[in-house]
Structures are given as structure tokens and as C-alpha cells.
Amino acid sequence: MLAQAPKPTVRADARALPFPDESFGAVTALWMLYHLPDPESAVAEARRLLRPGGLFVASTNSRHDSPELRHLYSIGQISFDAEIAPEMVGRHFDKVAVHSWDAPLVHLPDRNAVRDYLVGRFMPRDKAESAAETVETPLDVTKRGVLVFARRLP
Ligand SMILES: C[S@@+](CC[C@H](N)C(=O)[O-])C[C@H]1O[C@@H](n2cnc3c(N)ncnc32)[C@H](O)[C@@H]1O
């Protein structure tokens, strides 16, 4: 991803970024905070990096995402989902707005597509292959999630 991104790029932990306070006008954390056991430390770090008036944007899935396939996989409790994201971000920012979605946004035309989708939900490929055999296709999957916009006020 970094090789293909516009330069300059830096690879670093979102909880301890190698930049001085108030370095940026905007910081995003798109579909990544749920990888952290302690996402709130990365939210606090984003605030540290923002200039007064700066914008923070985070996105994540709902715990009720993909209901048509949810009986096939379990990803357990995640550390940053749509249900807790606005409150967690709000503990560090002054003004929070939420844009959410709940619609059949992903079309899976056949069982290979279902298998690949399940692999993307952390299911081992062999299990995804056999699970996909139980699904009627084509299938439209309901996507649920949020974008959280937050400002660091001047
Ligand atoms: C699902 S990808 C999302 C990538 C990109 N933001 C996008 O929306 O296409 C999750 C990203 O989180 C990054 N990541 C995981 N743990 C991280 C951490 N502690 N600090 C910074 N990035 C991390 C991974 O390297 C990966 O690029």
C-alpha cells in the first residue's frame, strides 16, 4: 500500500507517530482502528497531531454488518465498531458528526465471490470454500457502518 501511495509516506504505529504536536490539518483512520487492542490511544494521538480547527475522520463496520452471512462466521468482539466509535472519538474531540449506512451495497454474484468475502472476514480459505457452498447466489450483502467526523476546535 505504501509503495503505491502518493509520497511522502511513513510507516509507523498510529499510537505513537513520529511527528510534532499540531503538525496536520486533517488525520484519517479508515478501517484500521479495530486492529488495535487500545484504539483510544490512536484517537488521542490523532488529536495531538491536529492543529486547532483540524479534522479527524475514522471509519468502521457495525457489529451488525453482513447479516445475510453472519451465521457462517464470528469475529468476536471488536475494539472499535460503529456502536462505540462516536462515543470514543467524542471523548477526545470537541465536535462529532456521524454518517452511517445500512444498505445492500455488496453484490456477490457466485459462490467464489462468497468464499472470497468470507476470507476477508478472517475465515480460513478451506472453511470459507465449504461455507460458501451453503449459500444461495447471487447474494446482496447488507453493509452497516459509520464515518465519524470530529473537529479539534481552536
Ligand atoms: C483494512 S486495512 C485499511 C487500509 C486503508 N486505511 C484503507 O481504508 O484502504 C487496515 C490497515 O491498518 C494498518 N494498521 C494495523 N495496525 C496498525 C497500527 N498499530 N498503526 C498503524 N496502522 C496499523 C494495517 O497496516 C492496514 O494497512
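Residues numbered from 1 in each chain as written. Predicted model: local features only at pLDDT ≥ 70, side-chain atom pairs only at ≥ 80, totals over all residues.

As for the site of the ligand
This is how it is decided: Any residue whose backbone-placed C-beta atom lies within 6 Å of a molecule or strand is treated as near that molecule or strand. Only Asp, Glu, Lys and Arg are considered charged in this grouping, and only Ala, Val, Leu, Ile, Met, Phe, Trp, Tyr, Cys and Pro are considered nonpolar; every other residue, Gly among them, is considered polar.
Around the ligand, the surrounding shell consists of M1, D13, A14, L30, W31, M32, H35 and L36. Class assignment of the residues belonging to the shell around the ligand gives a composition of six nonpolar, one polar and one charged.

Some points on the sheet that holds strand β3 (residues 95-108)
Quick note on the threshold: If DSSP finds at least two bridges between two strands, the strands pair. Helix and strand definitions follow DSSP, with helices as H or I runs of at least four residues and strands as E runs of at least two, each counted in order from the N terminus. Angular values range over 0 to 180 degrees, each being the angle between N-to-C directions of two axes fitted as lines to C-alpha atoms, with helices fitted over their stretch in contact.
If you walk across this open sheet you meet the four strands as β1-β2-β4-β3, and the pairing is mixed. Two strands bound the open sheet, and with one partner strand each, they are β1 (24-30) and β3. Direction aside, neighbouring strands of the sheet carry axes that sit 15° apart on average. Judged from the six bridges that link them, β1 and strand β2 (residues 50-61) form a sheet pairing that is parallel. Opposite T28, over in β2, you have V57 as the bridge partner.

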